[in-house]
Amino acid sequence: MTHEAAGVPTTRNDEDRQDDVPQDSDDVHAVQHDEAEPDAPEPAGPEDAGPEDAEPRPEARLARAVQVAEQALIEFEIAVETFRVEVENFSRLHHQKLGPMYARLDELDALIAEARAAKTGDPEDERKAREARAVVMPMPGVDELFHDWMDTDGLSPEAAAMLTEQPVRPPKRVRPSEEARRLYRELARKAHPDLAQDEVERQRRDEFIARVNAAYGRGDVELLKELVAEWEAGPVQPPAPLSESEELYARLEWLSRRKELLTVLAKELEDGAIGSMLRMAPDDPDQLLEDIAEQLLGEVSRREAELAEMTR
């Protein structure tokens with residue numbers, strides 16, 4: 001898996017180029033002068049120069065740097081959130097589709113160990129049989145008691161839906177459709193909280209983006225379309241006035257710290273068990289589930305044949 005920046009997982013969701021990220025550049029003004037006639041007036045001196053000839057203020061250049069950094073951070077967050085959704089969806093679908101197969105394999109391992117112990121009477125075989133059975137019926141821990149009820153954002157969508165008497169809408173596949181990904185990018189770039197210039201606007205954007213993320217996690221294209229229309233009908237944020245250099249420097253520092261936190265999150269996602277599995281098939285994670293299922297079915301068949309042979 002490649003990285004656009006340190007710690008950023010690259011998925012197929014990142015295929016579109018970030019052409020809307022502004023690039024910093026200096027304006028170059030070229031002035032041509034015709035040959036002066038003998039009676040032509042002297043060229044205007046610096047004191048006669050108009051406002052358009054003045055050098056840009058240092059604060060203006062700094063503001064431009066802040067704008068570039070904001071856009072870059074938004075693209076970074078989109079990449080991380082996209083990968084986080086794939087990891088969570090893969091984890092849920094992995095448990096849903098493959099969980100019964102893993103349970104069957106554990107049961108077969110216990111039955112085989114118990115059959116072997118019954119034949120040999122060996123204390124070591126009996127110990128292994130007890131261990132294999134313990135794997136099948138473990139004492140539930142906190143994680144298991146809350147399995148599928150909690151995720152990185154608190155209550156999982158399924159749990160929240162059940163508690164609010166809403167229909168449960170689990171993800172249909174690991175990677176949302178192309179249309180869902182396009183709508184998600186559009187909304188994230190327009191309504192991202194990091195573009196807010198005051199706390200009230202940030203809170204409004206935070207709440208809106210939370211709804212966007214939930215819809216994208218389920219791959220709900222229709223809801224994403226409704227959110228696009230809702231945002232376009234909402235209040236338009238006026239351009240922020242030029243800030244003083246101290247505030248702009250503080251803004252750049254905050255953006256840098258935010259990127260460092262995202263880099264850590266991306267690294268944790270990528271190095272986790274599910275992230276590592278996704279790296280095995282970055283182009284088609286849904287097929288990876290099918291391949292694993294096929295392998296597990298083969299293992300189940302082999303163990304069932306072994307058990308049948310031992311119990312004849």
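Residues numbered from 1 in each chain as written. Predicted model: local features only at pLDDT ≥ 70, side-chain atom pairs only at ≥ 80, totals over all residues. Heavy atoms only, no water.

J.: What should I look at first to understand the overall build of the chain in this one?
T.: When helices and strands are tallied, the chain shows 10 helices and two strands. In the chain, the order of α-helices and β-strands from amino to carboxyl end is α-α-α-β-β-α-α-α-α-α-α-α. Burial analysis of the chain (312 residues in total) assigns 35% to the buried set. The contacts in the chain between residues at least 6 apart in sequence include a share of 75% that link residues at least 24 apart. Just so you have it, the chain exposes about 19,800 Å², and 54% of that area is on carbon and sulfur atoms. (Helix = DSSP H or I, 4+ residues; strand = E, 2+ residues; numbered from the N terminus. Buried < 20%, exposed > 50% of the residue type's maximum accessible area, 1.4 Å probe, protein only. Contact = heavy atoms within 4.5 Å. Areas by Shrake-Rupley, 256 points an atom, 1.4 Å probe, with all protein chains shown as cover.)

J.: Help me understand the confidence of the model for the chain in this model?
T.: Caution is warranted with low-pLDDT regions, since their predicted coordinates should not be read in detail. Taken residue by residue, the chain gives an average pLDDT of 74. The fraction at 70 or more is 67%. Contacts for the low-pLDDT stretch residues 1–38, under 50 throughout, to residues beyond four places or in other chains number 69 contacts. Predicted confidence is poor over residues 43–47, with pLDDT under 50, and the contacts of this stretch with residues over four places away or in other chains come to zero contacts. (pLDDT = per-residue confidence, 0-100.)

J.: Where do I start with helix H5 (residues 178–191) in this structure?
T.: In this model H5 runs 20 Å from its N-terminal to its C-terminal C-alpha over 14 residues, within 8% of the 20 Å that 1.5 Å per residue would give. Taken together, the buried positions of H5 are Ala180, Arg181, Leu183, Tyr184, Arg185, Leu187, Ala188 and Ala191. Of the surrounding secondary structure, the elements contacted by the buried residues of H5 are helix H1 (58–120), helix H6 (199–218) and helix H7 (221–233). (Expected span 1.5 Å × (residues − 1).)

J.: When you look at the side chain of Arg251 in this model, what are you seeing that I'm missing?
T.: With respect to the helices and strands, the residue Arg251 is situated in helix H8 (residues 245–271). Residue Arg251 is classed as buried on the basis of its relative accessible area of 18%. A polar side-chain atom of Arg251 sits 2.4 Å from the main-chain carbonyl oxygen of Asp194. Not counting chain neighbours up to four residues away, the residues in contact with Arg251 comprise Val66, Glu70, Asp194 and Arg202. (Polar contact = N/O pair within 3.5 Å; in protein donor to acceptor, adjacent residues only side chain to side chain.)

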